[in-house]
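Observations on the three-dimensional arrangement
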Amino acid sequence: MSTIFGALFFVILILMGFNLMLWNFAQFDAYNRVITTMGLSDQQRSAEALTFNPPGIMNTGSPFNFTVNNIGGVTSTIARIYVQNLAPLNVGSPCQGATGCIADPNGSTTFNNPNIKNGESFHLVKVTGIAIDNSGYRIIVATTRGNQFSFYFPWPSNLGGGSNSNSTNTAHGALDVKFDLNSFNFTRGTQTVPQQGWTVPYSTNVIWWVKVVNNAVNPIVLSKYTSLYFVCYQDRFGAGAGTGTCTETDLTYVVDNRTMNPGTIYQYDEVNRPYTLPAAGPNGPTGSTTVKFGSFCPGQQTFDSNGNCVNGSPSPPQDVDFPTPYLVFMGFFYKVNGVIVGQTISFVAIRACATYPSCP
Amino acid sequence: MAMRKIGILGWAETRARRNHRSRKAISTIMANLTMLVIVVSLSSLLFVWSISSFGAYTGGAGYWFSSRSIANQERPSVEGVFFSKTGSTNNVVTVFVRNVGAVPFTVASVYLNSTLYNIVLPQVGVSQVQQVQLTLSGQLWVKGDLQTITVATLRGTTTQTTWVP
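Time to look at the overall build of chain B. Broken down by element type, chain B carries 2 helices and 7 strands. In sequence order, chain B lays out its α and β elements as α-α-β-β-β-β-β-β-β. Put simply, chain B has 165 residues, and 37% of those count as buried. Long-range contacts, defined here as pairs at least 24 residues apart, represent 54% of the contacts in chain B between residues at least 6 apart. If you sum the accessible surface of chain B, you get close to 9,900 Å²; carbon and sulfur atoms cover 61% of it.

Shown next, in the form of structure tokens:
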């Protein structure tokens, strides 16, 4: 009898143990299902990758457009677009303050085409209800999976495009010189076709031809104070040997683009005939512009008997006076989006030779 | 001598008779019943103990599983932060928290650069966005400086993001 009772209790205990095990399995199963589901969700979230194309926002005002590429592994859906004005000096510009500007699919400020398939490029998104101007903005695109991708407007310069051994960028600003063999030229005498300016005759008036591009999404208007600054240094073993220490600097201002050679210099008129570099497009700079330099004084000025620049005309030509190497600094002053910007482009050197065109 | 032997034998005989009576002990039935009672009582004790232990275990483990399961489905996402001013003071930060998880959650606190800001907000539904406005005290945001924002839910889920005003 006791054996039977004992066996009965033993069976009950075993069944209770099984029950506990089964309960544990069920709990673990449910828990693991949650972990797996959320892990899959996280995996998809980390597979999202959106990039944007220059110039970011393609037009100011409202509505505005931008294009986006889905380089991730899953289709992405834009949940919201946050636009915040970052320009501290532009008080009164849109999208400033605690709420900025928010485009929501369900709001009055909205956007279209929120679904971006993986592999899709230049997917156009139009944002309606937010009018932006040319001041600085950060645009955050938030997806339904919880990722954020952002870009800035105006588009930062020099992020796109590459360079190779024959052409490289010499600046990191809105204005850029594509530094290649044909970007830095000059004319002298009655020449009308420029030649490479890496070696030049010394003590000879020249007009410099410099090819520049505009990386900014706004046009650039050059100031009359845009100039080339030449700093000579002694060449003890070359053409400048025996000339002593060179202490000369030369400042050569921008001239009108009608100027072909130093024989006839057209003064630079920044009001009526300025150099205007067109704004960059979605694929980078819009062509290049050749800017000419050759005046001793800026703008519509000549110089008096003391060598000081005064109002008058015509602009006197400029040269370099020693047969030595010169470091050339390009000081570009320009207006972009109404703001005056100064930018130095260095890394150019020339040699002025006494025996030009032979310049050993 | 003879009298003495007789006395010892008599005593031995008496003891033997007595011992023979005591070897009868309890009957087989009584023995079985006794063992049955012992087994039943001990088994009952074991049963009660195991029931309470299993109950306690399943209660604790069940709570852990269910709470962790729910907490694991929380996914708060800080998808936008606006830095603004009161007058000329850089002391307002507006945080937008989206629920990209599978269950609703409640934002319990927001940390800006490790400074706690306790807030009371309604629950954020799935796929919904909640706006949290912080008025800074003891610190100001600085343009260009990295600002670390941590959002914590009532269930203990945290998400940390960095922003530059």
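Now that the structure has been shown, the text picks up again.
Let's shift gears to the pairing of strand S1 (residues 50–57) of chain A. Residues and elements named next belong to chain A. Burial analysis of S1 places 6 of its 8 residues in the buried class, the great majority of the element. As defined by bridge partners, S1 adjoins strand S2 (residues 64–70) across 4 bridges and the pair is classed as antiparallel. Pairing of phenylalanine 52 across the sheet is with valine 68, part of S2. Connecting the antiparallel pair S1 and S2 is a turn made up of 6 residues, with glycine 61 showing a positive phi of about 85°.

Our next topic: the packing of aromatic side chains. All names here are of chain A. The tally for this structure, following the rule as stated, stands at 21 aromatic pairs over all chains. Following the ring pairs from residue to residue traces out a cluster consisting of Phe184, Phe186, Trp198, Trp208, Phe230, Tyr326 and Tyr356. Between the NZ or CZ atom of lysine 292 and the centre of the ring of tryptophan 209, over which it lies, the distance is 4.0 Å.

A separate point is the interface of chain A and chain B. On the side of chain B, 42 residues touch chain A, which itself brings 41 residues to the contact. Carbon and sulfur atoms supply 69% of the area that chain A and chain B bury against each other, a total of about 3,300 Å² over both sides. At the boundary of chain A and chain B, one finds 1 salt bridge. Measuring nitrogen to oxygen at the nearest pair gives 2.7 Å for the salt bridge that ties aspartate 42 of chain A to arginine 75 of chain B. At the surface where chain A touches chain B, the tally comes to 9 residue pairs in polar contact (both at pLDDT 80 or more).

So, about unusual backbone geometry. A cis amide bond, omega 5°, links proline 54 of chain A with the succeeding residue proline 55 of chain A. Along the chain, proline 55 of chain A falls in strand S1. The backbone phi angle of serine 127 of chain B is positive, close to 70°, even though this residue is not glycine. Position of serine 127 of chain B among the secondary structure elements: in the loop between strand S4 (115–118) and strand S5 (129–135).

With that settled, consider the state of the cysteines. Residues and elements named next belong to chain A. Under the counting rule described, the total for this entry stands at 2 disulfides over all chains. Here cysteine 95 connects covalently by a disulfide to cysteine 101, the sulfurs 2.0 Å from one another. Residues cysteine 95 and cysteine 101 are joined by a disulfide whose S-S torsion is about -95°; by sign, that bridge is left-handed. Judged by its relative accessible area of 5%, cysteine 95 falls in the buried class. With a relative accessible area of 15%, cysteine 101 lands in the buried category. Note that cysteine 297 is cross-linked by a disulfide to cysteine 309, the S-S spacing being 1.9 Å. Here cysteine 297 and cysteine 309 share a disulfide; its torsion about the S-S bond, -85°, makes the bridge left-handed. Taken as a pair, cysteine 297 in the loop between strand S21 (289–295) and strand S22 (301–303) and cysteine 309 in strand S23 (residues 309–311) lie far apart in primary sequence, 12 residues in all.

What follows is about the sheet that holds strand S7 (residues 158–163) of chain B. Residue and element names in this part refer to chain B. An order of S4-S3-S6-S7 is seen for the 4 strands of this open sheet, with the pairing classed as antiparallel. Of all strands in the sheet, those with a lone pairing partner are S4 and S7, marking the two edges. Along the sheet, successive strands turn relative to each other by an average axial angle of 20°, direction set aside. Bridge count between strand S3 (residues 107–112) and strand S6 (residues 147–153): 5 bridges; the pairing is antiparallel. Across the sheet, the residue bridging to valine 107 is threonine 153, located in S6.

What follows concerns helix H2 (residues 28–72) of chain B. Over its 45 residues, H2 of chain B extends 63 Å from the first C-alpha to the last, a length consistent with the 66 Å expected when each residue adds 1.5 Å. Every buried residue of H2 of chain B is accounted for by Leu36, Ser43, Ser50, Ala61, Gly62, Phe65, Ser69, Ala71 and Asn72 of chain B.

You can see threonine 94 of chain B is positioned in strand S2 (residues 89–99). Threonine 94 of chain B sits in the buried class, given a relative accessible area of 0%. Sequence separation between threonine 94 of chain B and valine 81 of chain B is 13 residues; the distance between their C-alpha atoms is 5.5 Å. Here threonine 94 of chain B is in contact with Ala98 of chain A together with Gly80, Val81, Phe82, Gln131, Val132 and Gln133 of chain B, once residues within four sequence places are set aside.

With that settled, the discussion passes to the pattern of salt bridges. All names here are of chain A. Overall, the coordinates contain 8 salt bridges over all chains when judged by the stated rule. A salt bridge links glutamate 48 to arginine 145; its shortest N-O distance comes to 3.0 Å. With a gap of 97 residues between them, glutamate 48 in the loop between helix H1 (2–46) and S1 and arginine 145 in the loop between strand S8 (137–143) and strand S9 (148–153) connect regions that are remote in the sequence. For arginine 145, a relative accessible area of 23% gives the class partly exposed. Here aspartate 256 and arginine 258 are joined by a salt bridge, their closest N and O atoms 3.0 Å apart. The exposure class assigned to arginine 258 is partly exposed, which follows from its relative accessible area of 41%. Linked through salt bridges whose partners overlap, the residues forming this network are Asp256, Arg258 and Arg273.

Residues and elements named next belong to chain B. The strand order S1-S2-S5 describes an open sheet built from 3 strands, whose pairing is antiparallel. Whereas interior strands pair on both sides, the edge strands pair on one side only; in this sheet they are strand S1 (76–86) and S5. Mean inter-strand twist for the sheet, computed between neighbouring axes without regard to direction, equals 20°. Bridge analysis of S2 against S5 gives 7 bridges, and the strand direction is antiparallel. The residue of S5 that forms the bridge with arginine 98 is valine 129.

Parameters at a glance
Residue positions within a chain follow its written sequence, with the count starting from 1. Going through the entries in the order they are written, you letter the chains from A and number the ligands from 1. The model is predicted, so local features are restricted to residues of pLDDT at least 70 and side-chain atom pairs to those at 80 or more, both for listing and for counting; the totals for chains, interfaces and linings are taken over all residues. Neither water nor hydrogens contribute to the side-chain values; these are computed over all heavy atoms in the structure. Per the convention used, a helix needs a DSSP run of H or I reaching at least four residues, while a strand needs a run of E reaching at least two, with both numbered from the N terminus. For every residue, the accessible area (1.4 Å probe, protein chains only) is compared with the maximum for its type, and the residue is labelled buried under 20%, exposed over 50%, or partly exposed between those bounds. Throughout, a contact is declared for two residues whenever any of their heavy atoms are within 4.5 Å. Working definition of accessibility: Shrake-Rupley area with a 1.4 Å probe, residue cover restricted to the visible protein chains. Strands are labelled as partners when DSSP assigns at least two bridges between them. Stacked, tilted and edge-to-face are the three classes assigned to paired rings of Phe, Tyr and Trp, where Trp is represented by its six-membered ring and a pair needs centres within 6.5 Å; plane angles under 30 degrees give stacked, over 60 edge-to-face, the rest tilted. As a reminder, the over-ring test applies to NZ of lysine and CZ of arginine, requiring each to be within 6 Å of the ring centre and within 35 degrees of the ring normal. Summed over both partners, the accessible area (1.4 Å probe) lost when two parts come together is defined as the buried area. Salt bridge, as used here: a side-chain nitrogen of Lys or Arg that lies within 4 Å of a carboxyl oxygen of Asp or Glu. Polar contacts here mean pairs of N or O atoms no more than 3.5 Å apart (in protein, one a potential hydrogen donor and the other a potential acceptor; neighbouring residues in sequence count only if both atoms are side-chain atoms). Counting rule for disulfides: a pair of cysteine sulfur atoms within 2.5 Å. Axes here mean lines fitted to C-alpha atoms, for a helix over just the part in contact, with angles spanning 0 to 180 degrees between N-to-C directions. What a helix should span is 1.5 Å times the count of its residues minus one.

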